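Structure assessment
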Amino acid sequence: DAGITQSPRHKVTETGTPVTLRCHQTENHRYMYWYRQDPGHGLRLIHYSYGVKDTDKGEVSDGYSVSRSKTEDFLLTLESATSSQTSVYFCASGETGVSGNTIYFGEGSWLTVV
Amino acid sequence: GNSVTQMEGPVTLSEEAFLTINCTYTATGYPSLFWYVQYPGEGLQLLLKATKADDKGSNKGFEATYRKETTSFHLEKGSVQVSDSAVYFCALTLSQGAQKLVFGQGTRLTINP
């Protein structure tokens with residue numbers, strides 16, 4: 001398994017406060033991703049990165065921003081948290097190979113916005 | 001657009017039963033297909049994958065065949081164990097670079113001893 005660590009693993013925050021989730025990978029993967037998991041929706045892509053300082057939006061990017069200043073780190077920021085952003089957030093990373101790309105996932109960050 | 005539809009759960013089986021979890025997809029192009037598994041409190045792990053039509057992915061006794069004619073990628077296992085209890089996600093990607101996975105909603109599987 002790829003070395004992907006997320007922090008914090010659990011957080012409770014108040015509506016309107018900023019929140020930053022951190023993802024760190026040790027595999028030197030080019031691509032990194034942030035997904036959210038909600039009942040009935042599976043996982044949905046929030047943002048992804050294809051290199052340092054190169055990021056793009058996924059299907060549910062509203063209310064979120066990301067930054068990638070180093071290959072190994074990918075930050076997800078909720079500028080002003082809302083209750084609809086209560087979710088489990090998964091970071092993932094991967095690299096393109098001859099046989100395609102395998103994506104590895106972190107263990108998740110449980111965020112509750114009250 | 002691209003989408004994945006899985007059979008609704010939860011699915012409850014007895015140990016040693018035969019398992020099928022249905023997955024169908026809609027895609028503009030020729031996707032690669034995946035099954036991921038999520039054990040309680042953990043992240044997703046790749047279970048198996050197939051990158052072209054008629055390919056069969058297999059791992060840990062699970063199998064799935066990429067059927068282009070029926071746009072399906074059903075997950076099967078001949079004899080399930082209690083340790084197979086988890087949530088299973090079918091997914092696809094069309095990207096050659098950044099692999100932006102599109103997931104089904106997940107199927108929760110419980111195996112009773």
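Just so you know, these numbers come straight off a predicted model, no measurement behind them. (Residues numbered from 1 in each chain as written. Chains lettered and ligands numbered in written order. Predicted model: local features only at pLDDT ≥ 70, side-chain atom pairs only at ≥ 80, totals over all residues. Heavy atoms only, no water.)

**A few points about the overall build of chain B**
Applicable threshold: The secondary structure listing takes helices from DSSP runs of H or I that are at least 4 residues long and strands from runs of E that are at least 2 residues long, numbered from the N terminus. The reference for a compact globule is 2.2 Å times residues^0.38; the radius of gyration itself is calculated from the C-alpha atoms. Note on classification: 1.4 Å probe, protein chains only; a residue is buried when its accessible area is under 20% of the maximum for its type, exposed when over 50%, partly exposed between these limits. Here a residue-residue contact requires only that any non-hydrogen atoms of the pair lie within 4.5 Å. To be clear on the numbers: accessible area is Shrake-Rupley with a 1.4 Å probe, and residue cover counts the displayed protein chains and nothing else.
Helix and strand counts for chain B stand at zero helices and twelve strands. Across chain B, helices and strands are ordered from the amino to the carboxyl terminus as β-β-β-β-β-β-β-β-β-β-β-β. Its C-alpha atoms give chain B a radius of gyration of 14 Å, near enough to 13 Å, the size a compact globule of 113 residues would have. Expressed as a percentage of the 113 residues in chain B, the buried residues total 43%. A fraction of 56% describes how many contacts in chain B between residues 6 or more apart in sequence connect residues 24 or more apart. Accessible surface, chain B as shown: approximately 5,200 Å² in total, 46% of it carbon and sulfur.

**Let's talk about the interface of chain A and chain B**
Size of an interface, as often reported, equals the accessible area lost when the parts are brought together. Our working rule: Accessible area that two parts lose when put together, with a 1.4 Å probe and added across both, is what the buried area reports. By definition here, a salt bridge exists when the distance from a side-chain nitrogen of Lys or Arg to a carboxyl oxygen of Asp or Glu is within 4 Å. Polar contacts here mean pairs of N or O atoms no more than 3.5 Å apart (in protein, one a potential hydrogen donor and the other a potential acceptor; neighbouring residues in sequence count only if both atoms are side-chain atoms).
Opposite the 22 residues of chain A that make contact, chain B presents 20 residues. Buried area between chain A and chain B, both sides added, is near 1,600 Å², and the carbon and sulfur share of it is 57%. Counting across the interface, chain A meets chain B through zero salt bridges. Counting every contact that joins chain A to chain B gives four residue pairs in polar contact (both at pLDDT 80 or more). Among the secondary structure elements, those contributing two or more residues to the side of chain A that touches chain B are β4 (31-38), β5 (42-51), β9 (87-97) and β10 (100-105) of chain A. Here the element with the most residues in the side of chain A that touches chain B is β10 of chain A; it accounts for five residues.

**Remarks on the confidence of the model for chain A**
Threshold: You can read pLDDT as the predictor saying how much it trusts each residue, on a scale of 0 to 100.
For chain A, per-residue confidence averages 92 on the pLDDT scale, and residues scoring 70 or more make up 94% of the total. Mean pLDDT per element in chain A: β10 of chain A is the minimum at 78, and strand β8 (residues 73-78) of chain A is the maximum at 98.

**Some remarks on the nonpolar core**
Heads up, the condition is: The term nonpolar core refers to a set of buried residues drawn from Ala, Val, Leu, Ile, Met, Phe, Trp, Tyr and Cys, joined through side-chain atoms within 4.5 Å.
Counting 25 residues, the largest nonpolar core has Trp35, Leu47, Leu48, Phe62, Phe73, Leu75 and Tyr88 of chain B as the members making the most contacts within it. Those elements that provide at least two residues to this core are β3 (19-21), β4 (23-26), β5 (32-38), β6 (44-50), β8 (62-65), β10 (86-93) and β12 (107-112) of chain B. Ranked by the residues each element gives to this core, the list is headed by β10 of chain B, at four residues. Setting aside residues no more than four positions away along its own chain, Leu48 of chain B makes contact with Leu33, Phe34, Trp35, Gly57, Ser58, Asn59, Phe62, Glu63, Ala64, Phe73 and Leu75 of chain B. Counting residues in hydrophobic clusters, the runner-up holds 20 residues, among them Leu45, Val88 and Ala92 of chain A together with Phe89 of chain B.

**Brief notes about the environment of Gln25 of chain A**
Within the secondary structure layout, Gln25 of chain A lies in strand β3 (residues 19-25). With near-sequence residues (within four places) excluded, Gln25 of chain A lies in contact with Gly3, Ile4, Met32, Arg68, Thr71, Glu72 and Ser93 of chain A.

**With respect to the packing of aromatic side chains**
Aromatic ring pairs are defined here through the distance separating the ring centres and the angle between the ring planes. All names here are of chain A. The condition is simple: Working definition: a ring pair exists when centres of Phe, Tyr or Trp rings (six-membered ring for Trp) sit within 6.5 Å. Plane angles under 30 degrees give stacked, over 60 give edge-to-face, the rest tilted.
On inspection of all chains with the given rule, the structure shows 13 aromatic pairs over all chains. For the pair Tyr33 and Tyr48, a centre-to-centre distance of 6.5 Å together with 25° between the ring planes defines the contact as stacked. With Tyr33 in strand β4 and Tyr48 in strand β5, this pair connects stretches of sequence that are 15 residues apart. On the accessibility criterion, Tyr48 (6% relative accessible area) is buried.

**Things to note about the sheet that holds strand β9 (residues 75-77) of chain B**
Residue and element names in this part refer to chain B. Operational definition: Pairing between strands is defined by DSSP: at least two bridges between the two strands are required. To obtain an axis, a line is fitted to C-alpha atoms, over the contacting stretch when the element is a helix, and the angle between two such axes runs from 0 to 180 degrees between their N-to-C directions.
What the four strands build is an open sheet, ordered β3-β9-β8-β7; its pairing is antiparallel. The sheet is open, and its two edges are formed by β3 and β7 (56-59), each paired on a single side. Across the sheet, the axes of successive neighbouring strands diverge by a mean angle of 15°, strand direction being ignored. Examined bridge by bridge, β3 and β9 share three bridges and lie antiparallel to one another. Each bridged residue has a counterpart across the sheet, and for Thr20 the counterpart in β9 is Glu76.

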